[in-house]
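# Coordinate inspection notes
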Amino acid sequence: MKDTFVVNIIHRPEMVPEYAEKVTGQGKAEDIGRKALLTESLDIFRFQQDIAHKNGLKTTIQMTYASLFNDEAVAIAKEHHEKFGDEISLSLLGLPCKEFREKYQTKDFCIWMFSMEDKKRIVDDVFGKFHDTFGFYPESTGSYYMDADLINYIKAAYPSVKCAVATCWEEGPKAYHTCNNSWYTFMDGGPWNPWIPSKQNTHAPAKDASEDSGIVAIPHLSRDLLACYDGNGSNFGTHPQNVLRGMIYDSKTWEYPYLYNLIDQYRHLAKYNSGYSYNMMFVGPGWLNKMGRWEAPYELLKKSYEDGMAYYGQLKKEGKLVDMTMAEFASFYRENKTYTEPECALWKDILYGSDKQLFWYTDPYMRVCVNMDQGGAIVDLRPYAAKLEWPVGIGTEHITDASYPFLIQEKYRAGYFTHYAGEGTIRSAKISYNGEEVDLALCRTHASFMKEGNARILVLDPVEIEFADLTVKLQTRIIFEENSSDIRFEREILEMSNPDADVTINEYMVGCYGTTEYSEDMTGIVLNTGVGDRRESINYEYKCREASVTGGKDAEARIPQIKTKVMLTSDSDEGESYVREGYAFSPMFTLGHKKKIHEKEVVRTWLRLERAD
C-alpha cells in the first residue's frame, strides 16, 4: 500500500437539494416539485460530473429516491457509467420529493430517525425502485448516518452492498449550536477515516469476522481533525463549500490555500498508516445554487469546485492519487487492511497559525484524542470495547442522538481548564514536591510518531517542571498495542537539579459518561480500588467520598449505563491506588495511582477498557 492516496468523488442528483427550495422558490408557497428547482438541480449535477471527467476523475453517482423518477437523471447516470466507468450507487439522502411525501405522509428525511419498521419499508421501496430502473441492485449506499440495525438489514436483504457513507465526523452539539439549535443530528464519536463497522454499533469498528457488518464504511466528508474538533465541523472539510462557509479564503483574489493544505494533510497521514491515506469529496447540488450560498456568489462557488477538482486531477496526473468508486474502494480496503489495524493521525494546526498538535487513534477497542497542548493528556475517549448497542430513531430511547458515548470529552465536560470549582474530564498526571504540585496538562509539548512491531508509540518532547528549589525534566511515551484495549503511559525522569530528590507522580483519570454537555445520572456507577483481596468500593451517590489502598495497583469504574468498565492500573505495588466520587456540581469520578520516583526511573501505568454487562 506504499504511498497510496485514495480519493472518492461522490455526486448525487438530488432533485430537491437541501436549502435550495427556499431559495429557488423565494416569495412563493413551498413546492418541492417546482420545475425551476428540478431543472437547476440537474444542471448542477451535470456540471459537477463534467468537471470531474474533465480532470480525469471517475465518480460514484449516488442516485436519490427523487432522481429515480427523473428520466434525464437516470439517462445521465447510465451514460456516465458506460463512458467513464462511474459507479451507479444509491443514496438514502434526498428522500423528500412529491412521491415520497404522498406515500409516507412525513417531512422527515433522515433515514436513521425513522422507526425500524419504516426504515425497512423505505429501504425496500428505494432499493426496489433502483432495481426497476437499472436492472441491478447497488454496491454502495449511504446517508449522513446509518445506524447498525439499518446497516444489518440492508446487508441481509441486499447483499450486493459492500460500501456505505455511514457517519459524519463530530457532527454533534457543536454543529447543532452553529445551526441555531435546529440541526437535530447528533453523531459524535465515530472514526474520521474508513472502517469496517461492527454489527453492534456503526461507530465501533469490528474486531473480527464475527462482528463484521459486511460493509466498508466511509465518512461523510473528510474533516480538519483539529479545527473541526475545536469548532463547527461544517466549516472545515475538503468539501470546497465548507471552506467557503468557514470564510477561509481571500475575498479579493478568491484563493483558498487552506483547501489544498487540508487535502495534503490527509495525504500526509500515509506516514502513520503504512503508506495508505484517504480523502473524499461529497458535494450535493444545493451548494452550487445560482443565487449563491452563504455570503458567496455563484461564481465563487463554481470556481471553488473547479479548483478543488483540478487539484485532485493534478495529483492523479503526477501519480500521487488513485481515484476509485466506492465499490472499488471497499474491495481495496478489504484487501489491504486488517480488522485490528488502527487508524492513526498526528494532526497539526494548518489554519490558525498555532503550534498545536492532536493525535487521533482508533481501533475496535477505542477512539482516543491526545492533546500535546495539554502535555499529552487524553481529551477524548470513546470505549468501543463495550460495542454498545444503541438503537436510533422513532420508537427507541435515542430518537435523534446517534453519538457513541464518551468517558472523556473536554469540549462537553470541561477538560483541564475548568471552573473554579469541580473538575473536567481528562487523563493526565500531576507531579508534586514539598507541597507544590504541577499538572502535566499545563506543560505544552510536541510529539513524534513511531511504529515498533505491533505498537504505535507517541513520543512526547521532554518538559521541564520548576518547583521552588527543584527542576525536573520529564518525558512521556504513550503506547498503543494493536489488538489490545490498553493504553500504556510511561513517564521517565530524565534528570533533576537535585539527583537525590524524589517527586510523587499522581497518574489520574477524571471521567463520566454522556453524549452532550449535559450531565447524566451517575447513580449506579461502582468505583473500586486495591490489590487482590484488599479492596475498597464506593457506590456512586454524589457524596464526594474517596477510598485508597496503600500498595494498591488498580482503580476502576463500572458504568452500567454504557456497559463499560474502565481501569487505571500500575505495575508497581509501592504506591497508592485511589478512587474518588464526585458531587452534584461536579458529577465526575476519579481513578488514580500515586508513586514516588527518583531520577532515571520510569513510572508505567495502563488505561484499560472492557465491556461490563
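Everything below is about the structure printed above this text.
What you see is a predicted model; the values in this text were computed from it and never measured.

The three strands are arranged 4-5-6 in an open sheet whose pairing can be described as parallel. Each having just a single partner strand, strand 4 (140–142) and strand 6 (216–219) make up the two edges of the open sheet. Going across the sheet, the axis of each strand differs from the next one's by a mean of 30°, ignoring polarity. Where strand 4 lies against strand 5 (residues 163–167), three bridges are found, and the strand directions are parallel. In the sheet register, Gly142 faces strand 5, and the bridge partner there is Val165.

For Ser274, which is not glycine, the phi torsion reads 55° and is therefore positive. One can find Ser274 in the loop between helix 10 (257–268) and strand 7 (276–283). Taking relative accessible area as the criterion, Ser274 reaches 45% and is therefore assigned partly exposed. Even without glycine at this site, Cys544 takes up a positive phi of about 65°. Mapping Cys544 onto the fold places it in the loop between strand 23 (534–539) and strand 24 (546–550).

Let us look at helix 5 (residues 116–134). Its 19 residues give helix 5 an end-to-end C-alpha distance of 27 Å, which sits within 8% of 27 Å, the value for a rise of 1.5 Å per residue. Residues Lys119, Ile122, Val123, Asp125, Val126, Phe127, Phe130, Thr133 and Phe134 constitute the buried set of helix 5. Where helix 5 is buried, its residues meet strand 2 (60–63), helix 3 (71–84), strand 3 (87–90), helix 4 (98–104), strand 4 and helix 6 (148–157). Immediately beyond the C-terminal end of helix 5, within one or two residues, lies Gly135, with a positive phi of roughly 85°.

The subject of this paragraph is the packing of helix 10 against helix 11 (residues 298–317). When two helices pack together, you describe them by how their axes are tilted relative to each other and by the distance separating the axes. Where helix 10 meets helix 11, the closest approach of the two axes is 10 Å, and the angle between their N-to-C directions is 35°. Seen from above, helix 10 lies across helix 11 with right-handed handedness. In this structure, helix 10 contributes Leu259, Tyr260, Ile263, Asp264 and Arg267 to the contact, and helix 11 contributes Asp307, Gly308, Tyr311, Tyr312 and Leu315. Here the residues of the contact of helix 10 with helix 11 sort into six nonpolar, one polar and three charged.

The subject of this paragraph is the nonpolar core. Core analysis: the largest hydrophobic core is formed by 171 residues, its most contacted members being Met63, Phe329, Phe359, Val566, Phe589 and Leu591. With residues up to four places along the chain from it excluded, the contact list for Val566 reads Leu407, Met509, Ala555, Glu556, Ala557, Ile559, Phe589, Leu591, Leu607, Arg608 and Leu609. Judged by nonpolar contacts, the second largest core, of 19 residues, contains Ile431, Leu440, Ile465 and Leu470.

As a further point, take the layout of surface pockets. The rolling of a water-molecule-sized probe over the atoms marks out the regions of remaining empty space. There is about 300 Å³ of room inside the second largest pocket. Lining the second largest pocket are 19 residues, and of these Trp390, Glu397, His398, Pro405 and Gln561 sit closest to its centre. Grouping the amino acids of the lining of the second largest pocket by side-chain chemistry returns eight nonpolar, six polar and five charged.

As a further point, take the pattern of salt bridges. According to the stated counting rule, one finds 48 salt bridges in the structure shown. With its nearest N and O atoms 2.7 Å apart, the salt bridge here joins Lys303 to Asp307. Here Lys303 and its partner Asp307 are both found in helix 11, four residues apart, which amounts to about one turn of the helix. Across the pair Arg488 and Glu490 runs a salt bridge, and its minimum N-O distance is 3.0 Å. Ionic contacts of the salt-bridge type, sharing partners, join the residues Arg477, Glu481, Arg488, Glu490, Glu492 and Arg604 into one network.

This brings us to the environment of Lys411. Here Lys411 shows up in the loop between strand 13 (408–409) and strand 14 (426–433). What makes Lys411 partly exposed here is its relative accessible area of 33%. A sequence separation of 181 residues divides Lys411 from Asp230, and the C-alpha atoms of the two residues are 7.6 Å apart. Polar contacts involving the side chain of Lys411 include one to the side chain of Asp230, which spans 2.9 Å.

A separate point is empty space enclosed by the protein. Within the structure shown, the criterion is met by three cavities of 30 Å³ or more. Of the pockets and cavities examined, the largest cavity occupies roughly 130 Å³. Along the walls of the largest cavity sit 16 residues, with Trp195, Pro205, Tyr333, Tyr339 and Glu341 positioned nearest its centre. In this structure, the second largest cavity spans a volume of roughly 40 Å³. Forming the walls of the second largest cavity are Gly375, Leu440, Cys443, Thr445, Leu460, Asp461, Val463, Leu474 and Thr476.

Turning next to the side chain of Glu343. Among the structural elements, Glu343 can be located in strand 9 (residues 343–348). Given the relative accessible area of 4%, Glu343 is considered buried. Here Lys337 takes part through its side chain, which lies 3.4 Å from a polar atom of the side chain of Glu343. Those residues in contact with Glu343 that sit more than four places away from it in its chain are Trp192, Asn193, Pro194, Asn273, Tyr276, Lys337, Trp360, Tyr361 and Thr362.

Below, the discussion takes up the packing of aromatic side chains. Evaluation of the coordinates by the stated rule reveals 34 aromatic pairs. Look at Phe130 and Phe134: their rings are 4.8 Å apart centre to centre, the planes differ by 45°, and that puts the pair in the tilted class. Residue Phe130 and its partner Phe134 are both found in helix 5; the two are separated by four residues, about one turn of the helix. Overall, Phe134 belongs to the buried group, its relative accessible area being 12%. Both rings, one in Tyr278 and one in Phe329, keep their centres 4.9 Å apart while their planes meet at 45°; by these two values the pair is tilted. Of the two residues, Tyr278 sits in strand 7 while Phe329 sits in helix 12 (residues 326–336), which places them 51 residues apart along the sequence. The exposure classification of Tyr278 matches that of Phe329, with both residues buried. Here the aromatic residues Tyr65, Phe69, Phe100, Tyr104 and Phe114 are joined through ring pairs into a cluster of three or more. The ring of Tyr578 has Lys594 lying over it, and the distance from NZ or CZ to the ring centre is 5.2 Å.

The rules behind these values
- The written sequence of each chain sets the order in which its residues are numbered from 1.
- Restriction of local features to residues with pLDDT of at least 70 applies here, the model being predicted, together with a cutoff of 80 or more for giving and counting side-chain atom pairs; totals for whole chains, interfaces and linings are based on all residues.
- Side-chain figures throughout are based on the complete set of non-hydrogen atoms in the structure, without hydrogens or water.
- The pairing criterion for strands is at least two bridges between them, as found by DSSP.
- Only DSSP runs of H or I with at least four residues qualify as helices, and only runs of E with at least two residues qualify as strands; both kinds are numbered from the N terminus onward.
- An axis is simply a line fitted to the C-alpha atoms; with a helix, the fit covers only the stretch in contact. Between two such axes, the angle follows the N-to-C directions and lies from 0 to 180 degrees.
- Only protein chains enter the accessibility calculation, which uses a 1.4 Å probe; a residue is then buried when its area is under 20% of its type maximum, exposed when over 50%, and partly exposed in between.
- Any helix carries an expected span of 1.5 Å times its number of residues minus one.
- By definition in these notes, contact holds between two residues if any of their heavy atoms fall within 4.5 Å.
- Rotating anticlockwise by less than a right angle from the far helix to the near helix defines a left-handed crossing, while the corresponding clockwise rotation defines a right-handed one.
- Gly is placed with the polar residues, together with every amino acid not listed as nonpolar (Ala, Val, Leu, Ile, Met, Phe, Trp, Tyr, Cys and Pro) or charged (Asp, Glu, Lys and Arg).
- Take the buried residues of types Ala, Val, Leu, Ile, Met, Phe, Trp, Tyr and Cys, join any two whose side-chain atoms come within 4.5 Å, and each joined set is a nonpolar core.
- In this analysis a 1.4 Å probe is tested at points of a 1 Å grid over the protein atoms alone, and where it fits but cannot get out there is a cavity; an open set with protein on both sides within 12 Å along at least five of seven lines is a pocket; lining residues have an atom within 4 Å of a point.
- Grid points are joined across faces, edges and corners, and a volume is the space filled by probe spheres set on the points.
- Salt bridge, as used here: a side-chain nitrogen of Lys or Arg that lies within 4 Å of a carboxyl oxygen of Asp or Glu.
- Residues adjacent in sequence count toward polar contacts only when both atoms are side-chain atoms; beyond that, a polar contact is any pair of N or O atoms within 3.5 Å, and within protein one must be able to donate a hydrogen and the other to accept it.
- Two rings from Phe, Tyr or Trp (for Trp, the six-membered ring) form a pair when their centres sit within 6.5 Å of each other. Planes less than 30 degrees apart are called stacked, planes more than 60 degrees apart edge-to-face, and all others tilted.
- Here, over-ring charges are defined by two tests on the NZ atom of lysine or the CZ atom of arginine: distance to the ring centre within 6 Å, and angle to the ring normal within 35 degrees.

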